[in-house]
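# A closer look at the structure
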Amino acid sequence: MIKFSKEQLKIPEMSRPVYLVTVGESEFRRAFPHKRTEELCVDAMQMAAELIDMSPAELKRYIHTCYYGHFADHFGDQLLGESVIHDRLGLDPLGNIGVKTGGATGGSTMWEAVKAVASGYSDCALALGWERMDEVPTDEGNHLISCAADKDWETPLGHIYTGYYAVMAQKYWQVFGKSEDSFRRTMAEIAVKNHGYACYNPFAQAPMKITVEDVLKSPVVAYPLRALDCCLMSVGASCCIVADEKTARKMTDKPLRIYVGAGSHTLRPADRRDMDIPLLPNETPSQYKDLGERFPGGDRYPGFTGFLAARMAAYYAYGMAGVTDPCEDLDMVELHDAFTISDIQTYEDIGIRPYGEGRDYVESGDCYHTNPNTGKPGRLPANLSGGLIGCMHAVGATGLMQISECALHIWNKHAEIHGDPKRWKAYGKKKPKDWQDLTVRNCKRTLAISHAGVGSHVTATILVDPDHLLKKSGKKKKKASSKRKGGKK
Amino acid sequence: MAVAKKKTTKKKNTAGKVVKRGTVKVVKDKYVPSGSFHVAIPNTPIFDEKGKLCGVTNPRDMTYMHSYGGEAPFFDALAKGVLLGTKCVNPDCEFKGSIYLPYRIHCPDCLSKMKKVTLTGLVKKTARVHTFMITERTGAFNTLKKPIKFINIEFDGVCTILMSYLSVGEPEIGMRVVPIFRTKNPTYTITDLSWVPLGTPKSKLPAGFTF
């Protein structure tokens, strides 16, 4: 589709408000030879219960339906893996269903659970996701992942999914990055940042203190992408539990309003037709008229440089939550940094920066917890968990981990969870002596982007402190508190 | 009568005995496999360095029988050196006249069945590289020579951008390319279509390929 009807552009409405009650995560690693998947899922559920001072049995009493995000069941040679987990969690005979939308599986699972509560079908729903990518040799794993591309038109070409994405990276690199060394360094800074933030996250798989030079010297995967530009391959689980207002207030004293929007675009980038750029609330029709002049080759939209699915997910979610300018209205984001360059592309798709100017989000220092240029808090910190590059990409769990991390900031529980020496010890790790508290102070609103491969599915999940809603009953509300300016302290 | 053409290949089973890979035909609208399709390999235990049991291997060796359905003419034509696309000819379609390559059966807008069009001449005249990627990394079962030079190709008058691979030279954005076809021993897969820079002599083409 390259033209939208009014009906298709309707801002989604929910029959009743939905609240995020609690969240949980397991540890994430490349492999867990000594753990079954259900053990990781139980770890996530136990954290979710502890966070609201309940026992797992007490928490389970509230759950009415279950949504399970698990993408690649062919890795485990187990169909209906969702039923295995559901049984092991002791949630029979509740209704449950599996959700799979590639890399966006976690976000899509949240989308489904939220709708179950919004509709009134359930008062409390579980969204739990996991992935297990350690049970086949790497080259067979690459083949299995490549099965997520078109099996007739793409998979036979190398059986390597990163290759199908990498052509898009190449186009963005040449057109919008203009193949500049400075752009290449900006990409590297994202890897340095995210591996660095992972050092303070006990759940994270790849904490690393590295430099831009380390990234630039790492092996080429598909030029200009190098090994340290790429996300991790992980095993682990995450969960989020949502409820209607009455149930949520019974379960916790601080539930968060949750909105999820979803978009899609062609599985094969080949099928993308040229179209007008759909605009977000902070953009104007005239601002992209000269895009092709400023960036020769950049006039085809979304071409191979933009993710229309991300734009549509943001459009719907911003409309639902009342976000008119993400940098102004949001306090932190967890983005799908599958690759450093796709992270930059996403800044543009979701309106953090206009198309063509994504790099500025990094170069301005806005994306950092503490802006390296000013020493002041970053305007809109991104991926303080370490993201997919530093923390994990256990596909079905990723989108839920992002939402979990966002919520911990609003609840002001980030330091408590991430700084607990017992948690580090339980994972066989030592809490770093220089551990930093990356809590975003006075965090009221957050965004998590969950994204599949070359952009076939994207969800945007917005969490809002209910005392700081931007919109109530479908109408834009006067902001309860203005965005913090220049300081969180 | 349709026949799923499949090369017979030889494979060793665990006893070292050479077994023939089976073939498949379609008879009276049913798949008829004949010969051997999988080799049962026993599992083996996985221990850690301390000798503790962690799990077992589960070897699998399978063959899928996959229908190209309405796209079969495209893959069949490649073996004859012809590139087919499709065109929406529904007079009521808002985007009537759009030409698609990848070949798709139905118009994405009006869902009417599209008309098959031969694009070999058009692409020879206008194909150019939209973007590209060179990679040494491949997944299991890859049959292409490494490094693979992925190219995505745009054509005048075609509303999509085809993904394929370059067999000669180094890709660049904007480069003019022409198609080549594996007309000798075709595999009937998308790998039967490749591209070379405009002006490449016939002598440089990979074995089995012709213009």
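Up top is the structure.
As a starting point, this report considers the structure included with it. Just so we're clear, the structure is a prediction, and the values are computed from it rather than from any experiment.

### Some remarks on the sheet that holds strand 7 (residues 236-243) of chain A
Residue and element names in this part refer to chain A. Read from one edge of the open sheet, nine strands run 3-2-4-7-1-8-11-10-9, paired in mixed fashion. Two strands close off the open sheet at either side, each with one partner strand: strand 3 (95-99) and strand 9 (332-334). Adjacent strand axes in the sheet meet at a mean angle of 25° when their direction is disregarded. Bridge count for strand 1 (residues 19-25) against strand 8 (residues 256-264) is two bridges, and the pairing is antiparallel. Counted as the bridge partner of Leu20 is Leu256 from strand 8. Contacts from helix 1 (residues 37-51) reach strand 1, strand 4 (124-131) and strand 7 within the one sheet, and its direction differs from that of strand 1 by about 135°.

### Here's the deal with the pairing of strand 10 (residues 445-451) of chain A
Residues and elements named next belong to chain A. In terms of burial, strand 10 is largely enclosed, as seven of its seven residues are buried. Pairing geometry for strand 9 and strand 10, over three bridges, is parallel. Bridge pairing in strand 10 places Val333 opposite Leu447. Connecting the antiparallel pair strand 10 and strand 11 (residues 457-464) is a turn made up of five residues, with Gly453 showing a positive phi of about 40°.

### Structural notes on unusual backbone geometry
Residues and elements named next belong to chain A. In this chain, Asp92 is followed by Pro93 through a cis amide linkage whose omega measures 5°. Checked against the element boundaries, Pro93 lands in the loop between helix 4 (81-88) and strand 3. The phi torsion at Asp53 lies on the positive side, around 55°, for a residue other than glycine. Located in the positive-phi region is Ser179, a residue other than glycine, with phi close to 50°. Along the chain, Ser179 falls in the loop between helix 7 (161-175) and helix 8 (181-198). The class for Ser179 is partly exposed, based on a relative accessible area of 35%.

### Quick word on the nonpolar core
In terms of nonpolar packing, the biggest core is built from 170 residues, with Leu20, Met110, Val242, Ile341 and Ile462 of chain A together with Phe74 and Trp195 of chain B touching the most fellow members. With sequence-adjacent residues up to four places away left out, Phe74 of chain B is seen in contact with Trp153 of chain A together with Leu83, Leu84, Leu101, Tyr103 and Ile190 of chain B.

### What about helix 6 (residues 138-146) of chain A?
Within the span of helix 6 of chain A, buried status applies to Gly141, His143, Leu144 and Ser146 of chain A. Residues of helix 6 of chain A that are buried in the fold lie against helix 3 (73-76) and helix 7 of chain A.

### A closer look at the interface of chain A and chain B
Of the residues lining the interface, 36 residues belong to chain A; the matching set on chain B comes to 44 residues. The largest contributions to the chain A side of the interface with chain B come from Trp153, Leu157 and Arg273 of chain A, which together make up 21% of the buried area. If you look at where chain A meets chain B, you find four salt bridges. Between Asp271 of chain A and Arg104 of chain B there is a salt bridge; the shortest N-O distance is 3.9 Å. The interface formed by chain A and chain B holds 16 residue pairs in polar contact (both at pLDDT 80 or more) in total.

### A look at empty space enclosed by the protein
Residue and element names in this part refer to chain A. On inspection of all chains with the given rule, the structure shows one cavity of 30 Å³ or more. Computed from the structure, the largest cavity encloses a volume of approximately 60 Å³. Forming the boundary of the largest cavity are Phe176, Ile277, Leu291, Gly298, Arg300, Tyr301, Pro302, Thr305, Gly306, Glu348 and Tyr355. Of the residues assigned to the lining of the largest cavity, the class counts are six nonpolar, three polar and two charged.

### Brief notes about the environment of Phe95 of chain B
If you trace the backbone, Phe95 of chain B turns up in the loop between strand 7 (84-87) and strand 8 (99-100). Taking the C-alpha atoms as reference points, Phe95 of chain B and Val32 of chain B, separated by 63 residues in sequence, lie 42 Å from one another. Apart from residues no more than four positions distant in its own chain, Phe95 of chain B is found in contact with Ile2, Lys3 and Arg273 of chain A together with Cys88 and Asp109 of chain B.

Definitions and limits used
- Residues numbered from 1 in each chain as written.
- Chains lettered and ligands numbered in written order.
- Predicted model: local features only at pLDDT ≥ 70, side-chain atom pairs only at ≥ 80, totals over all residues.
- Heavy atoms only, no water.
- Pairing = 2+ DSSP bridges.
- Helix = DSSP H or I, 4+ residues; strand = E, 2+ residues; numbered from the N terminus.
- Axes fitted to C-alpha atoms, helices over the stretch in contact; angles between N-to-C directions.
- Contact = heavy atoms within 4.5 Å.
- Buried < 20%, exposed > 50% of the residue type's maximum accessible area, 1.4 Å probe, protein only.
- Core = buried A, V, L, I, M, F, W, Y, C linked by side-chain atoms within 4.5 Å.
- Buried area = accessible area lost by both parts, 1.4 Å probe.
- Salt bridge = Lys/Arg side-chain N within 4 Å of Asp/Glu carboxyl O.
- Polar contact = N/O pair within 3.5 Å; in protein donor to acceptor, adjacent residues only side chain to side chain.
- 1 Å grid on protein atoms, 1.4 Å probe; cavity = no way out; pocket = protein on both sides within 12 Å on 5 of 7 lines; lining within 4 Å.
- Points joined across faces, edges and corners; volume = space filled by probe spheres on them.
- Nonpolar A, V, L, I, M, F, W, Y, C, P; charged D, E, K, R; others polar.

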